[in-house]
Amino acid sequence: MTISVASGKGGTGKTTVAASLASVIPQSVYIDCDVEEPNGHLMLQPKFTLEESVNKLLPEIDYNKCDFCGKCIEVCEFNALINLKFEILLFAEMCHSCGACEYFCPQNAITEIPKELGKLRSGITENGIKFYDGLLNIGEATAVPLIRKVKAKIDNEKINIIDSPPGTSCSMVETVKNSDFCLLVTESTPFGLNDLKLAIDVVKNINVPFGVVINKYDETFEEMENYLTENQIEVMLRIPFDRKIAEAYSNGILPVNNSDKIRREFIGLIATIKKKIKSNVTQMTQKKQIFAD
Amino acid sequence: MKQIVILSGKGGTGKTTVSSAFAKLLQDKITIDCDVDAANLYLLLKPQSRNQFEYFGGKKASINPELCTQCGLCESVCRFDALHNYVIDPLSCEGCGFCYRVCPDDAIEFTETKSGNYFECNLIDDSKFYYAKLLPGEGNSGKLVSEIKKSALTNVGENIKWVIVDGPPGIGCPVNASLSGADFVVIVTEPTQSGIHDLKRLIELLKTFSIKCGIVINKYDLNEKQTLQITAYAGKENIPVLGYLPFDKDYIEAIKANKTIVEYSSKAAKDIENIWSKVEFFMDISKN
Ligand code: SF4
Ligand code: SF4
Ligand code: SF4
Ligand code: SF4
């Protein structure tokens, strides 16, 4: 079972929610796919046991074979190569490692060489949460291949909590797609609402069932309440704005370890999500059966 | 003309609050929102009018089932997991064109697709403001950032002294794109563990660009120990701290009222003015 935690806007408390969920589930797996700014480790404090390089492939040209025909430049959709007639220059940050240049080079002059894109770290926390995160190397433009490698750590026997990158771009989609459920974390401000709408568009688009958590909840922000009621979107948890929570967070302390009330609420939240996933699965099988009949 | 980019690494630290305050405060400026994933600045600056332009971020492939002979070659070459059973998932397609070039039966179409919009607006003080919206799930936000900056900067009048850029979160491709041509970077951070973690990564990135920067510590009184830590780190890295903003309900109330903080609170307006004068000061120092 895989539950991803995302938010249109950064800084809404996405990581806090993800890490809190993971800490109330025995034997959970925590997967931090926010590879540009992975923060889950600051909250869960795992002991890292392994750090592996994740590579991307870059073309390298053998000038004993290359005749500067220009085919590789023609097939590169990302303008990562230019022909200087005495050298084929590669702009490594523009290369998407698609492999087209290597395939189409008539002289077989291109070999693909691995170059580190980032790190995949594995560890375990004090209370037994399996922990994985990706750390994109500074200056790298494409996070998606690293996210794929981190996501490969999903353990289908367990409950996996995925911390998604913020926003609604390709990195977020790559992270959230194929989850059984997605929690969208927002806050009671016009920014939060604006970005929540965008995030809802995306999860609907990729057919992932979702629910909303409102952090820094403020009931006087009616625009959000109205939007949620009108669109029949379920709010699964409201965490009130509380300076104490913010202070504890600033020291890396999770609210579930600070307040019994919040801990109970998170235990309730995970139970509701499990139920929802189950009923979705039954609905799907029923639909399939009707189809088969 | 000087270009100031406001960044934060971690989202939600108050980057847009600071950008909008600068935009309100300054004259002879243009303002660009480069957070194309989650554009928020327009909510505070409330454009009076806007022109919409379409953005084509790249091509996507699709298979024509009438021509496809199901040889499977395309699926074997696609590295982006976008091709299954002779159907291409547009959300996964990276637009590399490999399948299109390799297909022996010319069954694959490869065409420009719209991936967002960008807007040229007039603000109430008659200055220009630019923002963009990527369609949900689109990649290539870096390219859109470059495009919006290019279109904003080609039409700049002689009288323009400042270009205010609200940057994207993170340290990836769109951040790199937002930094091109920058004269100074204002980093808005907060005294939390993740704030500090992301601040350090962002500064590593800025070093590779050799752009001068300064730090604003937002919600500094939330955790004074961590604020001191950031200040010490900044000192060690030789980066000036431009100012400290308090953890104050006014900041949230201003956003809720769709107002910039300088319109909402005169005390905050003073703080922001002080920060701005430091920006000017440190930018001048960096000239030599
Ligand atoms: S396609 Fe091969 S031979 Fe032609 S320019 Fe490129 S590397 Fe050289
Ligand atoms: S691998 Fe693809 S993106 Fe990279 S240089 Fe070759 S053709 Fe261009
Ligand atoms: S264009 Fe590239 S990414 Fe898209 S389906 Fe074809 S091979 Fe895959
Ligand atoms: S390469 Fe062309 S013909 Fe072969 S399966 Fe793909 S689309 Fe069909």
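What you are looking at is a predicted structure, and each value in this text was computed from that prediction instead of being measured.

Considering the environment of B:Gln3
All names here are of chain B.
Phase 1: Of note, glutamine 3 is situated in strand S1 (residues 2–7).
Phase 2: Along the backbone, glutamine 3 and lysine 133 are 130 residues apart, and their C-alpha atoms lie at a distance of 22 Å.
Phase 3: Residues contacting glutamine 3, with those up to four places away along its chain left out, are Lys149, Leu153, Val163, Val165, Ser178, Ser180, Gly181, Ala182, Asp183 and Phe184.
Phase 4: Within polar-contact distance, the side chain of glutamine 3 engages the side chain of lysine 149 at 2.6 Å.
Phase 5: From its side chain, glutamine 3 meets the backbone oxygen of glycine 181 in a polar contact 3.5 Å long.

Topic: the sheet that holds strand S7 (residues 130–136) of chain A
All names here are of chain A.
Phase 1: Reading across from one edge, S3-S6-S7-S2-S8-S1-S9-S10-S11 is the order of the nine strands in this open sheet, with mixed pairing throughout. Because the sheet does not close on itself, it has two edges, and the strands there are strand S3 (47–61) and strand S11 (235–240). Here the strands of the sheet are splayed against their neighbours by 20° on average, with no regard to which way each runs.
Phase 2: Across 14 bridges, S3 lies against strand S6 (residues 110–124) in antiparallel orientation. Across the sheet, the residue bridging to glutamate 52 is leucine 120, located in S6.
Phase 3: Against the sheet, helix H1 (residues 14–24) contacts strand S1 (2–6), strand S2 (29–32), strand S8 (160–163), strand S9 (181–187), strand S10 (210–217) and S11, and its axis sits at roughly 170° relative to S8.

A look at the packing of aromatic side chains
Residue and element names in this part refer to chain A.
Phase 1: Inspection of every chain in the model, using the stated rule, returns 16 aromatic pairs over all chains.
Phase 2: On the basis of an interplanar angle of 75° and a centroid distance of 5.8 Å, the ring pair of phenylalanine 48 and phenylalanine 131 is categorised as edge-to-face. Residue phenylalanine 48 is found in strand S3, and its partner phenylalanine 131 is found in strand S7; the two are separated by 83 residues along the sequence.
Phase 3: With a relative accessible area of 33%, phenylalanine 48 lands in the partly exposed category.
Phase 4: Relative to phenylalanine 68, the ring of tyrosine 63 lies with its centre 5.9 Å away and its plane at 20°, an arrangement referred to as stacked.
Phase 5: Since its relative accessible area comes to 37%, tyrosine 63 is described here as partly exposed.
Phase 6: For phenylalanine 68, a relative accessible area of 23% corresponds to the partly exposed category.

A closer look at the domain arrangement of chain B
Residues and elements named next belong to chain B.
Phase 1: The domain architecture assigned to chain B consists of domain 1 (2–46 + 124–287) and domain 2 (57–114).
Phase 2: Placing the centre of domain 1 and that of domain 2 at their C-alpha centroids yields a distance of 40 Å.
Phase 3: The interface is formed by five residues belonging to domain 1 together with five residues belonging to domain 2.
Phase 4: Surface buried jointly by domain 1 and domain 2 totals about 350 Å² across both partners, of which 40% is contributed by carbon and sulfur atoms.
Phase 5: Per-residue buried area on domain 1 facing domain 2 is highest for Leu135, Gly137 and Glu138; these three make up 67% of the total on that side.

A few points about the interface of chain B and chain A
Phase 1: Facing 56 residues of chain B, the contacting portion of chain A comprises 59 residues.
Phase 2: Taken together, both faces of the contact between chain B and chain A bury some 5000 Å²; the carbon and sulfur share is 56%.
Phase 3: For the pair chain B and chain A, the interface holds three salt bridges.
Phase 4: Where the side of chain B that touches chain A is concerned, the elements lending two or more residues are helix H2 (41–45), helix H3 (73–77), helix H4 (98–102), helix H6 (173–178), helix H7 (193–209) and helix H9 (249–256) of chain B.
Phase 5: For the side of chain B that touches chain A, the element with the most residues is H7(B), which contributes seven residues.

Reading the values: rules and limits
- Residues numbered from 1 in each chain as written.
- Chains lettered and ligands numbered in written order.
- Predicted model: local features only at pLDDT ≥ 70, side-chain atom pairs only at ≥ 80, totals over all residues.
- Heavy atoms only, no water.
- Helix = DSSP H or I, 4+ residues; strand = E, 2+ residues; numbered from the N terminus.
- Contact = heavy atoms within 4.5 Å.
- Polar contact = N/O pair within 3.5 Å; in protein donor to acceptor, adjacent residues only side chain to side chain.
- Pairing = 2+ DSSP bridges.
- Axes fitted to C-alpha atoms, helices over the stretch in contact; angles between N-to-C directions.
- Phe/Tyr/Trp six-rings, centres within 6.5 Å; stacked < 30°, edge-to-face > 60°.
- Buried < 20%, exposed > 50% of the residue type's maximum accessible area, 1.4 Å probe, protein only.
- Domains from an automatic or database assignment.
- Buried area = accessible area lost by both parts, 1.4 Å probe.
- Salt bridge = Lys/Arg side-chain N within 4 Å of Asp/Glu carboxyl O.

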